[in-house]
Protein chains: 2
Amino acid sequence: MNSNSFVLKGDFCYSRDPRHLETVRDGFLVSVDGVSAGIYQILPEPYWGLPVEDWSGRLIIPGLTDLHVHAPQYAFRGLGMDLELLDWLEAHVFPEEAKYRDLDYAGKAYGIFAGDLKRGATTRACIFATAHTEATELLMDLLEETGLETLVGRVNMDRNCPDFIRESGARSSAKETVRWLEETSGKYRRTRPILTPRFIPSCTDELMERLAEIQREYHLPVQSHLSENGGEGAWVQELCPASRFYGDAYDAFGLFGGGAKTIMAHCVLSCDEEIALMKERGVYIAHCPQSNTNLSSGVAPVRRYLDEGLNIGLGSDVAGGSSLSILRAVADAVQCSKLRWRLLDQTLAPLTVAEAFWLGTVGGGSFFGKVGSFAPGYELDAVVLDDSHLKTPLELSVGDRLERAVYLTEERDVAAKYVKGQKIF
Amino acid sequence: MNSNSFVLKGDFCYSRDPRHLETVRDGFLVSVDGVSAGIYQILPEPYWGLPVEDWSGRLIIPGLTDLHVHAPQYAFRGLGMDLELLDWLEAHVFPEEAKYRDLDYAGKAYGIFAGDLKRGATTRACIFATAHTEATELLMDLLEETGLETLVGRVNMDRNCPDFIRESGARSSAKETVRWLEETSGKYRRTRPILTPRFIPSCTDELMERLAEIQREYHLPVQSHLSENGGEGAWVQELCPASRFYGDAYDAFGLFGGGAKTIMAHCVLSCDEEIALMKERGVYIAHCPQSNTNLSSGVAPVRRYLDEGLNIGLGSDVAGGSSLSILRAVADAVQCSKLRWRLLDQTLAPLTVAEAFWLGTVGGGSFFGKVGSFAPGYELDAVVLDDSHLKTPLELSVGDRLERAVYLTEERDVAAKYVKGQKIF
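Think of each chain on its own: its residues are numbered from 1, step by step along the sequence as written. Starting at A for chains and at 1 for ligands, labels are handed out in the order in which the entities are written. Totals for whole chains, interfaces and linings use all residues, but because this is a predicted model, local features are given only for residues with pLDDT of at least 70 and pairs of side-chain atoms are given and counted only at 80 or more. For the side-chain quantities, the full set of heavy atoms in the structure was used; hydrogens and water were omitted.

In the nomenclature of an unreviewed UniProt entry, chain A is known as Amidohydrolase family protein of Lawsonibacter faecis.

Written out as structure tokens, the structure reads:
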């Protein structure tokens, strides 16, 4: 046994399955080589020699996974959300992302992002950078230092965006992508590349073809955007008249799951055929309720995705979302599902807190393997929450405290965090 | 000039009108006898002798007003919101409120509520207690000590609720109300009574008649609930078949604005006639977006209320809402208006941050008089926010920082607070 072998003492809550929470008060969670050996009410003899970290009275939950976040947009989180997607990209996103050609600026901005991601309750994240190779590598260096497990994408975009941010052609975009992959190959323990065509409107057919080749050669996972907003969907239809639906435009190039593990963010407006294809191909949906609210996109039919057994987790989508907190995303997912039910479609029942918590832990975590639970065999990602400032005269169960934490945790309530059995603070 | 005369130095943001923010960087806000004498870039000579509190670099905004909050429900904030209104009242609210017959319990619970309300960004609040006279007086004692300006209501309810919480008849309810008014008369400087029939389903006609008499005799303001939820509305129609609409059932007893300053919480489902009558009678609407989301009630048509010039402010509605923060309610109001626009009704444009901030300051504050602004003549309620932990490489304007504060302020970011020119911490 190594330093990833230890015992955490405290009050535990995690998902048994999408509908049920498992709770243990005053238990012992055993980590052996960074993997959970289970939670016990009485510590079994074989583990008596392990060091114990005593968090008695604190609430310990699995690390959260952020399946969709834009690191360069963190600088303007909470600003300028009075526009819909396409206008917002032009007004706020592209001008900001252009700054990352300047490595000094990138270092300052990405340093803040990495520091705040480290301090929150997220242990795994799938991250968009920009189209700048050096800045993307700098971001990966900074993330590696945090101790988090992340996938990072250098963004590809060679059409339909301003000169100051557009790459100079498919060939150059692909070449830079290969340079980035080669330069970072084998460099990190916790930080890996993910292929990141921005979205269909930003990528020529030639670029998509070249990216598909790169994907196959380097066996990369893939992340992009799908069916977020009505205006966007109509534009994709114009750009790709042969596509039967938005996801079909990715699929035409072999970039829609199947061989490659793939995340598509949003899926607010996916049609039946698109949903069927996502299921068939095992595509992950990154549900981003706060962003979909802020940009007036709508609310994804998460109940349907859950019931039909699609792969799905949560994303902060900073800076469409203003908060990096995936616990906040859990609450947002519940709340948005209630308004969707009330205002739009009473055939899809609202999500429960247990279901949304599952999305934020096991649902998204499974993109990284056995992640997001304390059941034996899962990689040991754990977050210690200090909920003592939420005073109440009531005797609360551990499950009550989880529910309250979902609605009321503030970022600085995270008292300690463990990733793959490593304590990162 | 007295101790309520001083100068605050810092970065200021407040509403010039519902659509526009006024901002001053590195300015001087002058308080003379607890009333704003304006903000100056250079401090005028007549004020040179006043003490200066230097909050340079901090964001200073007017105090927020919470037009609707239930103090006894604070104990279970963030819990049990998987039900709609009427079932939620039976399952959670009534059993908890019954505990306030025990003054020890009430002291513990209300002490937590008053302490947290003091520490947040709220400076004025309209508060529901329970039907227990002693506990309500205890709550008023505790609130008086906080330095906040509040209106507190002993709740009336003599039908359609469980025995353990129902008052024993209209006469007894009215008599206890008078006892409460007499016992607290002249006792406080900052804490005043507000007549509080729970809502139509909880109050017999006889009780409403007696309360109307009490209102006229004591010249009390009034608070209650209106058109929150579909099931509730149908029930009121059954209970009051002669009423043309829900508000008409209050109006039949003279308890719907006009002579009495009146707050009606929610107004999610108000019909044209009800809206017209609220406007005619100057009834205040307490818009409670988080509660209306959590209890799946819907989203009030706030754009319409603003455009038609109705009186309207924001409420946390704890524990239908889980957060006491009215800054959070500002963000919620914007976000819910976006989903209402997208999912339900594209004739009513979403709220801007400036509009929702106006609701949380001037809109609700006006129920208390000239409150919620730093314009000359307004009572000096000010909140100093430390937003330094929201790091960014961007140069932000004061207006940008206000927008960001709306989305990202955590309760403990409040560094100092002044109410009517008194520093309360």
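Draft legend 1. Molecular detail of the domain arrangement of chain A. Residues and elements named next belong to chain A. Parsing chain A into structural domains produces domain 1 (6–63 + 374–423) and domain 2 (64–368). On a C-alpha basis, the centres of domain 1 and domain 2 stand 29 Å from each other. Contacts were defined at the residue level, with two residues in contact if any of their heavy atoms lie within 4.5 Å. Contact with domain 1, which involves 27 residues of that partner, is made by 32 residues of domain 2. Whenever Lys or Arg places a side-chain nitrogen within 4 Å of a carboxyl oxygen from Asp or Glu, that contact is recorded as a salt bridge. In this assembly, domain 1 and domain 2 are joined by four salt bridges. The shortest N-O distance in the salt bridge between lysine 420 and glutamate 149 comes to 3.8 Å. Two N or O atoms form a polar contact when they lie within 3.5 Å of each other; inside protein one atom must be a possible hydrogen donor and the other a possible acceptor, and for residues adjacent in sequence the pair counts only when both atoms belong to side chains. At the boundary of domain 1 with domain 2, the tally comes to seven residue pairs in polar contact (both at pLDDT 80 or more). Take the side of domain 1 that touches domain 2: its biggest share by element is five residues, from helix α13 (residues 398–408). Side-chain classes follow a simple rule in which Ala, Val, Leu, Ile, Met, Phe, Trp, Tyr, Cys and Pro form the nonpolar group, Asp, Glu, Lys and Arg form the charged group, and the remainder, Gly included, forms the polar group. When its residues are assigned to classes, the side of domain 1 that touches domain 2 shows 16 nonpolar, three polar and eight charged. For the purposes of this description, domain bounds are those given by an automatic or database domain assignment. Helix and strand definitions here come from DSSP, where helices need a minimum of 4 consecutive H or I residues and strands a minimum of 2 consecutive E residues; each element is numbered from the N-terminal end.

Draft legend 2. Layout of the relation of the copies chain A and chain B. In the superposition of chain A on chain B (RMSD 0.0 Å, axial shift 0.0 Å), the rotation amounts to 180 degrees. Interpreted geometrically, this transformation is the action of a two-fold axis. Superposing copies: least-squares fit, C-alpha atoms only, residues required to have pLDDT of at least 70 in both.

Draft legend 3. Local environment of the sheet that holds strand β13 (residues 284–287) of chain B. Residue and element names in this part refer to chain B. Here, a strand pair is defined by DSSP locating no fewer than two bridges between the strands. The strand order β11-β12-β13-β14 describes an open sheet built from four strands, whose pairing is parallel. A strand with exactly one partner marks an edge of an open sheet, and here the two such strands are β11 (222–226) and β14 (311–314). Here the strands of the sheet are splayed against their neighbours by 30 degrees on average, with no regard to which way each runs. Of the strand pairs in this sheet, β11 and strand β12 (residues 262–266) are connected by five bridges, and their pairing is parallel. Paired with histidine 225 across the bridge in β12 is alanine 265. To get an axis, a line is fitted to the C-alpha atoms, and for a helix only the part in contact is used. The angle between two axes follows their N-to-C directions and goes from 0 to 180 degrees.

Draft legend 4. Highlighting empty space enclosed by the protein. Of the grid points, spaced at 1 Å and generated over the protein atoms alone, those admitting a 1.4 Å probe that cannot get out make up cavities, while open sets with protein on both sides within 12 Å along at least five of seven lines make up pockets; any residue with an atom within 4 Å of a point is treated as lining. Grid points are joined across faces, edges and corners, and a volume is the space filled by probe spheres set on the points. In total, this model carries nine cavities of 30 Å³ or more according to the counting rule given. Its volume calculated, the largest cavity comes out at about 150 Å³. Taken together, 16 residues form the lining of the largest cavity, with Asp332, Gln335 and Cys336 of chain A together with Gln335 and Cys336 of chain B sitting closest to its centre. Listing elements by their share of the lining of the largest cavity, those giving two or more residues are α9 (289–294) and α11 (326–343) of chain A together with α9 (289–294) and α11 (326–343) of chain B. Grouping the constituent residues of the lining of the largest cavity by class yields six nonpolar, six polar and four charged.

Draft legend 5. A negative patch on the surface, seen in detail. All names here are of chain A. Think of a patch as exposed residues, more than 30% relative accessible area, with no salt bridge, where like charges cluster within 9 Å and nonpolar side chains (Val, Leu, Ile, Met, Phe, Trp, Tyr) cluster within 5 Å. Areas reported as accessible are Shrake-Rupley estimates using a 1.4 Å probe. Residue values count occlusion only from the protein chains shown. Positive residues here are Lys and Arg, negative ones are Asp and Glu, while His and the chain termini are left out of the count. One atom stands in for each charge, and that atom is NZ of Lys, CZ of Arg, CG of Asp or CD of Glu. On the surface, a cluster of negative charge is contributed by Glu182, Asp205, Glu209, Glu213 and Glu217. Sort the elements by how many residues they give to the negative patch and helix α5 (residues 205–218) lands first, with four residues. With respect to the helices and strands, the residue glutamate 217 is situated in helix α5. Judged by its relative accessible area of 58%, glutamate 217 falls in the exposed class. For the exposure calls, accessible area comes from a 1.4 Å probe over protein chains only, and a residue counts as buried if that area is under 20% of its type's maximum, exposed if over 50%, partly exposed in between.

Draft legend 6. The arrangement of the side chain of arginine 404 of chain A in detail. In this structure, arginine 404 of chain A sits in helix α13. We classify arginine 404 of chain A as buried; its relative accessible area is 3%. Not counting the four nearest positions on each side in its chain, arginine 404 of chain A is found in contact with Asp387, Leu390, Thr392, Leu396 and Thr409 of chain A together with Arg77, Gly78 and Leu79 of chain B.

Draft legend 7. Just the layout of surface pockets, in detail. Of the volumes computed, that of the largest pocket is approximately 1100 Å³. Taken together, 43 residues form the lining of the largest pocket, with Glu410 and Glu411 of chain A together with Thr409, Glu410 and Glu411 of chain B sitting closest to its centre. Among the secondary structure elements, those contributing two or more residues to the lining of the largest pocket are α2 (103–119), α11 and α13 of chain A together with α2 (103–119), α11 and α13 (398–408) of chain B. Sorting elements by how many residues they give to the lining of the largest pocket places α11 of chain B first, with four residues. Residues that form the lining of the largest pocket fall into these classes: 15 nonpolar, twelve polar and 16 charged. Taken as a whole, the second largest pocket spans an internal volume of roughly 400 Å³. Forming the walls of the second largest pocket are 22 residues, and the residues nearest its centre are Asp82 of chain A together with Thr352, Val353, Ala354 and Glu403 of chain B.

Draft legend 8. Seen up close, the pairing of strand β11 (residues 222–226) of chain A. Counting buried positions along β11 of chain A yields five of five residues, so the element is predominantly enclosed. The alternating pattern of β11 of chain A places Val222, Ser224 and Leu226 of chain A on one face and Gln223 and His225 of chain A on the opposite face, and all of these are buried.

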